[in-house]
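Residue-level structure breakdown
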Amino acid sequence: MYKLIEVARIGDLDRGYLSYFESNKECPFDIKRLYYIYGVPQGVERGAHAHKELKQAMVCMSGSVKIVLTDGSESKSIILDSPHQLLIINPGLWRDVSFLQPNSVLLVAANDYYEEEDYIRDYDDYLKYIRKGSDNEGTL
Ligand code: T46
């Protein structure tokens, strides 16, 4: 499951803006890790994996990023192009990520530390995983 929400945007054109999200408020989990992706050349595809347990919240801090989410039968394409949009992604969804502008920066908050064992990086393995009916079976 995923959710796209608008977070607060405090400010105006004269002073600029401030946005935020907090654990267990706008972001529905405890945040343990932040990472950010930047300097991605156009045409490069990132992502191409699903997570078994990891929950994530994503903000495009600058530029625009396309995230295609798939649950094995249906796909949704989401464009993040504003720092006050927050995309929450629950475990079990396959994602493909492309950066649409050279200056794009994607900030990701996650509920756990980096663990390669949590990744499913092969699409056929992903289909087997969700058909097996895991607890975190992703549905859009
Ligand atoms: C996701 C998308 C949106 C670390 O050492 N620590 C970390 O916290 C992360 C996230 C990655 N890594 C290592 C693992 C790889 O050797 O950094 C390298 C690049 O990671 P990856 O190829 O997974 O990068 P993306 O951009 O394809 O995927 C990342 C996240 O891994 C993933 O959770 O949802 O961003």
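Note that the structure is a prediction, hence the values are computed from the model and not measured. (Residues numbered from 1 in each chain as written. Predicted model: local features only at pLDDT ≥ 70, side-chain atom pairs only at ≥ 80, totals over all residues. Heavy atoms only, no water.)

Take the site of the ligand next. Every one of the 13 residues lining the ligand counts as a neighbour, but Arg33, Arg46, Gly47, His51 and Tyr119 are closest to it. Within the backbone of Gly47, one N or O atom sits 2.8 Å away from an oxygen atom of the ligand. Side-chain polar atom of Tyr119 to an oxygen atom of the ligand: 2.5 Å apart, as the coordinates give it. Protein chains bury 68% of the 650 Å² of accessible surface belonging to the ligand in isolation. Put simply, the parts of the chain that give the shell around the ligand at least two residues each are strand 4 (33-38), strand 5 (45-51) and strand 6 (56-62). (Near = heavy atom within 4 Å. Polar contact = N/O pair within 3.5 Å; in protein donor to acceptor, adjacent residues only side chain to side chain. Areas by Shrake-Rupley, 256 points an atom, 1.4 Å probe, with all protein chains shown as cover. Helix = DSSP H or I, 4+ residues; strand = E, 2+ residues; numbered from the N terminus.)

Looking now at the sheet that holds strand 1 (residues 2-6). Spatial strand order, 1-9-6-11-4: 5 strands in an open sheet with antiparallel pairing. At either margin of the open sheet sits one strand with a lone partner, and together these are strand 1 and strand 4. Each adjacent strand pair in this sheet contributes to an overall mean axis angle of 20 degrees, direction not counted. The pairing of strand 4 with strand 11 (residues 105-110) spans 6 bridges and is classified as antiparallel. Each bridged residue has a counterpart across the sheet, and for Arg33 the counterpart in strand 11 is Ala110. (Pairing = 2+ DSSP bridges. Axes fitted to C-alpha atoms, helices over the stretch in contact; angles between N-to-C directions.)

A word on the packing of aromatic side chains. A complete count under the given rule lists 5 aromatic pairs for this structure. For the pair Trp94 and Tyr123, a centre-to-centre distance of 5.0 Å together with 80 degrees between the ring planes defines the contact as edge-to-face. Remark: Tyr123 occurs in helix 1 (residues 123-131) and Trp94 occurs in strand 10 (residues 94-99); sequence separation between them is 29 residues. The exposure class of Tyr123 is partly exposed, given its relative accessible area of 31%. A cation over an aromatic ring shows up here: Arg9 above the ring of Tyr17, its NZ or CZ 4.3 Å from the ring centre. (Phe/Tyr/Trp six-rings, centres within 6.5 Å; stacked < 30°, edge-to-face > 60°. Buried < 20%, exposed > 50% of the residue type's maximum accessible area, 1.4 Å probe, protein only. Lys NZ or Arg CZ within 6 Å of the ring centre and 35° of its normal.)

This next bit is on the nonpolar core. Counting residues in each nonpolar core, the largest one holds 16 residues, and the members touching the most others are Met58, Val65, Ile67, Leu80, Leu87, Phe99 and Leu106. Where this core is concerned, the elements lending two or more residues are strand 6, strand 7 (65-70), strand 8 (75-80), strand 9 (85-89), strand 10 and strand 11. The contacts of Leu106, once residues within four sequence positions are left out, are Tyr35, Tyr36, Ile37, Met58, Val59, Cys60, Val65, Leu80, Val97 and Phe99. Counting 8 residues, the second-largest nonpolar core is a separate cluster that includes Cys27, Val59, Ile88 and Ala109. (Core = buried A, V, L, I, M, F, W, Y, C linked by side-chain atoms within 4.5 Å. Contact = heavy atoms within 4.5 Å.)

Our next topic: unusual backbone geometry. Despite not being glycine, Asn24 shows a phi value in the positive range, around 60 degrees. Relative to the helices and strands, Asn24 resides in the loop between strand 3 (16-18) and strand 4.

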